[in-house]
Amino acid sequence: MNIEKSLALIPELKEQVDLFKTTFTQENHLSEENIKIVAWATAIASQSKDLTNFIKFEVGELSDSDKKVVLSASSRMAVTNPYFMSRNAHPLKAGGTLDSLKMRPFQDLNIENSQGYHYACIAISLINNGFVCFNSHISSLKADSQKDAAIDQAMRLVASICAIKQLLFNEHIFQ
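Residues numbered from 1 in each chain as written. Predicted model: local features only at pLDDT ≥ 70, side-chain atom pairs only at ≥ 80, totals over all residues. Heavy atoms only, no water.

*Asks:* Honestly, the side chain of Arg87 in this entry has me stumped. Any pointers?
*Replies:* You can see Arg87 is positioned in helix H5 (residues 64-89). For Arg87, which is buried and forms no salt bridge, the nearest opposite charge comes from Asp99, at a distance of 13 Å. Within the structure, Arg87 has its side chain in polar contact with the backbone oxygen of Leu92 (distance 3.2 Å). (Helix = DSSP H or I, 4+ residues; strand = E, 2+ residues; numbered from the N terminus. Buried < 20%, exposed > 50% of the residue type's maximum accessible area, 1.4 Å probe, protein only. Lys, Arg positive; Asp, Glu negative; His and termini not counted. Salt bridge = Lys/Arg side-chain N within 4 Å of Asp/Glu carboxyl O. Polar contact = N/O pair within 3.5 Å; in protein donor to acceptor, adjacent residues only side chain to side chain.)

*Asks:* Is there a simple way to think about the nonpolar core in this case?
*Replies:* The nonpolar side chains of a soluble globular protein tend to be buried with one another. Formed by 45 residues in total, the largest nonpolar core has its most connected members in Phe20, Ile55, Tyr119, Ile122 and Ile164. Every element with two or more residues in this core is listed here: helix H2 (11-25), helix H3 (32-46), helix H4 (49-59), H5, helix H6 (114-128), helix H7 (131-143) and helix H8 (148-174). Counting residues per element, this core draws most heavily on H8, which supplies nine residues. Not counting the four nearest positions on each side in its chain, Ile55 is found in contact with Phe20, Ala39, Trp40, Ala43, Gly60 and Ile161. (Core = buried A, V, L, I, M, F, W, Y, C linked by side-chain atoms within 4.5 Å. Contact = heavy atoms within 4.5 Å.)

*Asks:* Which parts of the structure should I look at to understand the side chain of Lys36?
*Replies:* Looking at the secondary structure, you find Lys36 in helix H3. Although Lys36 is buried, it makes no salt bridge; Glu32 carries the closest opposite charge, 5.4 Å away. Within the structure, Lys36 has its side chain in polar contact with the backbone oxygen of Val59 (distance 3.4 Å). What Lys36 contacts, discounting residues up to four positions off in sequence, is Phe24, Val59, Gly60, Glu61 and Leu62.

*Asks:* What am I meant to see in the packing of H6 against H8 here?
*Replies:* Close contact between H6 and H8 brings their axes to 10 Å; oriented N to C, the two are set at 40°. One element, H6, and the other, H8, form an angle in the oblique class. Every pair of crossing elements has a handedness; the one defined by H6 and H8 is right-handed. Across from Tyr119, Ile122, Ala123, Leu126 and Ile127 in H6, the residues of H8 making contact are Ala150, Ile151, Ala154, Met155, Val158 and Cys162. Of the residues belonging to the contact of H6 with H8, the class tally is 11 nonpolar, no polar and no charged. (Axes fitted to C-alpha atoms, helices over the stretch in contact; angles between N-to-C directions. Parallel < 35°, antiparallel > 145°, perpendicular 65-115°, else oblique. Left-handed = near helix turned anticlockwise from the far one by under 90°. Nonpolar A, V, L, I, M, F, W, Y, C, P; charged D, E, K, R; others polar.)

*Asks:* What am I meant to see in unusual backbone geometry here?
*Replies:* It is generally the case that most residues other than glycine have a negative phi and that most peptide bonds are trans. Backbone geometry at Gln47 places phi at a positive 55°, although glycine is not the residue there. For Gln47, the position within the fold is in the loop between H3 and H4. Owing to a relative accessible area of 74%, Gln47 belongs among the exposed residues under this scheme. Positive phi, normally seen in glycine, also occurs at Asn110, with a value near 55°. Residue position: Asn110 is located in the loop between H5 and H6.

So, to be careful, I would describe these as geometric facts and stop short of saying anything about function.
Take a look at the structure:
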């Protein structure tokens, strides 16, 4: 994907790329590591090669431990987001726990960056509309002393990346 060509063809894309770049480079509420995790988790959950290539170009590769964070969050949210959202829409008197999904406890995942994991989960949950999981992971971040400004920065990153994805898709359709 040639972002410069896309910027020339789609003026609206510049606004979203500017929001992404400003949120990514000019704010310091989130650590650089967690910013990269949020960006990659959003791209992975979006299932867009164009978007993933854009993120790779803009933020670089993840470390091996951060890849583990994103992959663990992605695989777990792929199960929990639809399961808990469906249970929220129609409560049942059976199941409803991570145990019923046969998921290992978080401690058993050997994740080095637990904050990064929860940030990845909120990014993925926003993409998947998994708002039960989203709220749970926000609570985990707040319990781990994360400030609202850091959580807001993560959510604006997700929003800007989603807008970029949409505009890149629009370009393919209307070119």
